[in-house]
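# Observations on chain architecture
Here is what each chain is made of, one letter per residue.
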Amino acid sequence: MTAELVEKGLENASHTKTVDVGRGVLASSGTIIRDELLEGGRKALLVADERTWKAAGADVERSLREAGADLAEPMVYPGSPTLYASYEHCEEIRERLRETDALAVAVGSGTLNDLSKLASGELDRPYAVVATAASMDGYTGFGAPMTKDGVKITMPCPAPRVVVFDLDVAAAAPRPMASSGYGDLSAKIPAGADWMLADAVGVDPIHPLAWELVQTGVRGALSRPAELAAGVPEAYEGLCEGLVLSGLAMQVAQGTRPASGAEHYFSHLWELDHLGSELDPPLSHGFKVAIGTLAMVGFYEKFLERDVAGLDIDAVVSRWPSWDEVEDDIRRVMSGPLIDKGINETREKYVDAAGIRARIEKLVQAWPQLRAKLAGQLMPAKELQLALASAGAPSVPSDIGLTPEDVRAAFPRAMYYRSRYTVLDVARELGWFEEIVDDVFAPGGLWQ
Ligand SMILES: [Zn+2]
């Protein structure tokens with residue numbers, strides 16, 4: 001089933017041509033990379049750090065040698081402190097690739113993949129990645145988050161041509177890595193619900209193939225949290241495939257909508273606040289996303305308790321704020337450069353009273369079926385909380401150094417952070433936003 005899905009994704013993906021996920025696939029990585037990447041006898045440049053070299057790099061090098069591939073001297077960064085995705089490192093890799101006329105084979109997870117991806121993209125060369133941990137869904141994605149001139153931005157660059165993902169390697173990686181991947185994959189639950197809502201009101205139609213790729217296996221992949229935490233290789237199959245499919249879906253849809261909704265904005269905002277950046281390794285993307293996901297699933301739970309079908313549409317429209325009022329609110333909840341960003345992003349999804357009426361009419365009309373679909377997509381927040389804890393992922397704000405009040409304060413900021421239409425916007429349009437946030441943080445709720 002999943003293998004067919006991966007095939008379907010590859011047929012429609014913009015850049016990735018080969019994905020090999022399975023136990024022991026490292027041993028054949030050399031042949032795969034030789035055949036699918038190193039056309040015309042091109043040289044391979046392995047890019048790793050001391051830890052990933054030990055975990056997989058040496059095996060990949062041996063396998064490539066056995067396959068008769070030509071190899072440049074590998075680049076192996078120190079294992080400690082943790083390597084950063086800084087543009088200077090990317091330039092180093094790019095220059096080495098240029099000097100050696102080689103194609104990059106990243107051996108690692110987030111950072112090493114991102115550095116190799118961007119370096120290769122800047123030279124307009126394909127590359128391969130041998131994944132060493134089930135830590136996030138960026139292996140098959142395009143673009144690379146990078147720190148350049150002290151600012152973190154996502155720089156455009158194509159996804160890898162070849163991905164090799166050995167489940168035994170992933171299962172042997174430091175445990176928090178799979179816990180992070182679990183957090184990133186759990187995000188597909190509220191993200192899917194956000195897409196359903198945006199589709200229903202005509203803002204962002206669902207791309208059927210991208211949806212199928214991301215959503216088909218998510219529940220199954222999230223169903224073995226304790227075995228993931230225990231490092232059982234079989235339990236990694238769903239997680240690794242889910243993360244790979246998520247990236248393929250982004251390639252297919254040419255955007256990040258299939259894999260992320262409002263829950264990711266919590267993570268991005270905390271990242272901009274440098275949350276956990278002093279740690280080594282720094283607080284992971286998936287850990288921040290886990291708490292954002294839980295917050296959003298909690299929000300949905302309260303949203304679905306409300307009577308959308310019985311709304312007084314005239315009353316809702318008459319309360320709809322003018323753009324000036326929205327802008328004032330953005331200035332109140334955002335700070336620094338996020339004020340301008342919030343204004344620009346929110347303006348894209350803002351509509352006037354007539355536009356709101358049209359959206360709400362669509363929502364009310366669709367509600368009976370839509371509510372049932374949303375309920376099927378989502379899960380009880382307490383159940384997700386237990387699953388996250390069982391997977392070793394954060395399940396309460398203090399796990400990532402935050403208070404419930406910090407999470408609460410992130411809700412309006414997440415709503416204004418991006419132009420992407422989510423349930424936060426729907427709740428704001430219906431006049432329920434503050435009330436639902438209050439419900440999420442009421443005594444006896446999720447965080448107590
Ligand atoms: Zn993510």
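So, how was this worked out
Think of each chain on its own: its residues are numbered from 1, step by step along the sequence as written. In keeping with the predicted nature of the model, local features appear solely for residues at pLDDT of at least 70, side-chain atom pairs appear and are counted solely at 80 or more, and the whole-chain, interface and lining totals rest on all residues. Each side-chain value is worked out from all heavy atoms of the structure, with water and hydrogens disregarded. Only protein atoms enter the 1 Å grid used here. Points where a 1.4 Å probe fits but cannot escape make up a cavity, open sets with protein on both sides within 12 Å along at least five of seven lines make up a pocket, and a residue lines them when an atom lies within 4 Å of a point. Grid points are joined across faces, edges and corners, and a volume is the space filled by probe spheres set on the points. Helix and strand assignments come from DSSP, with helices taken as H or I runs of at least 4 residues and strands as E runs of at least 2, each series counted from the N terminus. Each metal's donors are the N, O and S atoms within 2.8 Å of it, or within 3.2 Å when it is Na, K or Ca, and because water is not part of the set, sites may look incomplete. Each reported salt bridge corresponds to a side-chain nitrogen of Lys or Arg within 4 Å of a carboxyl oxygen of Asp or Glu. For every residue, the accessible area (1.4 Å probe, protein chains only) is compared with the maximum for its type, and the residue is labelled buried under 20%, exposed over 50%, or partly exposed between those bounds. Domain segmentation is taken from an automatic or database assignment of domains. Once two parts are put together, the accessible area they lose, assessed with a 1.4 Å probe and summed over both, is termed the buried area. The residue classification treats Ala, Val, Leu, Ile, Met, Phe, Trp, Tyr, Cys and Pro as nonpolar and Asp, Glu, Lys and Arg as charged. All others, Gly included, are polar. Here is the rule: rings of Phe, Tyr and Trp (six-membered ring for Trp) pair when centre to centre is within 6.5 Å. Planes less than 30 degrees apart are stacked, more than 60 are edge-to-face, and the remainder are tilted.

For the protein chain, the name recorded in an unreviewed UniProt entry is 3-dehydroquinate synthase, with Peptidiphaga gingivicola as its organism.

Our next topic: the layout of surface pockets. One way to see where empty space is left: roll a probe the size of a water molecule over the atoms. The computed volume of the second largest pocket comes to approximately 430 Å³. Around the second largest pocket, the lining comprises 24 residues; the ones closest to its centre are Asp-329, Met-415, Tyr-416, Phe-433 and Glu-434. Secondary-structure elements contributing two or more residues to the lining of the second largest pocket are helix H15 (313-319), helix H16 (323-333), helix H20 (404-417), helix H21 (423-429) and helix H22 (433-440). For the lining of the second largest pocket, the element with the highest residue contribution is H20, accounting for seven residues.

Around the zinc ion, the protein contributes the donor atoms Asp-184 (OD), His-264 (NE2) and His-285 (NE2), at 2.1 Å from the metal centre. All donors of the zinc ion belong to a single chain; written as a sequence motif, their spacing is D-x79-H-x20-H. Here His-264, found in helix H13 (residues 262-272), pairs with His-285, found in helix H14 (residues 285-304); they are 21 residues apart in sequence, far enough to count as distant.

Overall, the coordinates contain 29 salt bridges when judged by the stated rule. Across the pair Lys-188 and Asp-137 runs a salt bridge whose closest N-O atoms are separated by 2.7 Å. Linking Lys-188 in helix H8 (residues 188-200) with Asp-137 in the loop between strand E5 (128-131) and strand E6 (144-148), this pair joins segments that are 51 residues apart in sequence. The shortest N-O distance in the salt bridge between Asp-314 and Arg-357 comes to 2.9 Å. A residue pair is termed long-range when its members are at least 10 positions apart, and Asp-314 in helix H15 and Arg-357 in helix H18 (residues 353-377) qualify at 43 residues. For Arg-357, a relative accessible area of 30% corresponds to the partly exposed category. Overlapping salt bridges, with partners in common, bring together Arg-94, Glu-95, Arg-98 and Glu-122 in one network.

A separate point is the domain arrangement of the protein chain. Accessible area lost upon the coming together of the parts serves often as the stated size of an interface. Domain boundaries assigned for the protein chain yield domain 1 (2-173) and domain 2 (176-204 + 257-440). Buried area between domain 1 and domain 2, both sides added, is near 860 Å², and the carbon and sulfur share of it is 51%. For the domain 1 face of the interface with domain 2, the top three residues by lost area are Thr-82, Ser-135 and Asp-137, together amounting to 42%. Counting across the interface, domain 1 meets domain 2 through one salt bridge. When the residues that make up the side of domain 1 that touches domain 2 are grouped by side-chain class, the tally is six nonpolar, four polar and two charged.

Looking now at empty space enclosed by the protein. If you walk through the whole model with that rule in mind, you get one cavity of 30 Å³ or more. Put simply, the largest cavity is a space of about 30 Å³. Together, Val-201, Arg-359, Ile-360, Leu-363, Tyr-421, Val-426, Glu-429 and Leu-430 line the largest cavity. The set of elements that each furnish at least two residues to the lining of the largest cavity consists of H18 and H21. Per-class residue counts for the lining of the largest cavity are six nonpolar, no polar and two charged.

Evaluated as defined, the whole model comprises 13 aromatic pairs. Judged by centre distance (6.1 Å) and plane angle (45°), the ring pair of Phe-299 and Phe-433 falls under tilted. Placement of the pair is Phe-299 in helix H14 and Phe-433 in helix H22, with a sequence separation of 134 residues. Under the relative-accessibility criterion, Phe-433 is labelled buried at 5%. Here the aromatic rings of Trp-320 and Tyr-350 are separated by 5.5 Å at their centres, their planes lie at 15°, and the arrangement is stacked. Of this pair, Trp-320 sits in the loop between H15 and H16 while Tyr-350 sits in the loop between helix H17 (337-349) and H18, and the two are 30 residues apart along the sequence.

Let us now look at unusual backbone geometry. Cis geometry marks the peptide bond from Ser-80 to Pro-81, where omega comes out at -5°. Here Pro-81 is to be found in the loop between strand E3 (75-77) and helix H4 (87-100). Across the junction of Asp-280 and Pro-281, the peptide omega takes the value -5°, indicating a cis bond. Considering the arrangement of structural elements, one finds Pro-281 in the loop between H13 and H14. In this structure, Asp-124 is a non-glycine residue whose phi angle is positive, near 60°. Mapping Asp-124 onto the fold places it in the loop between helix H5 (110-122) and E5.

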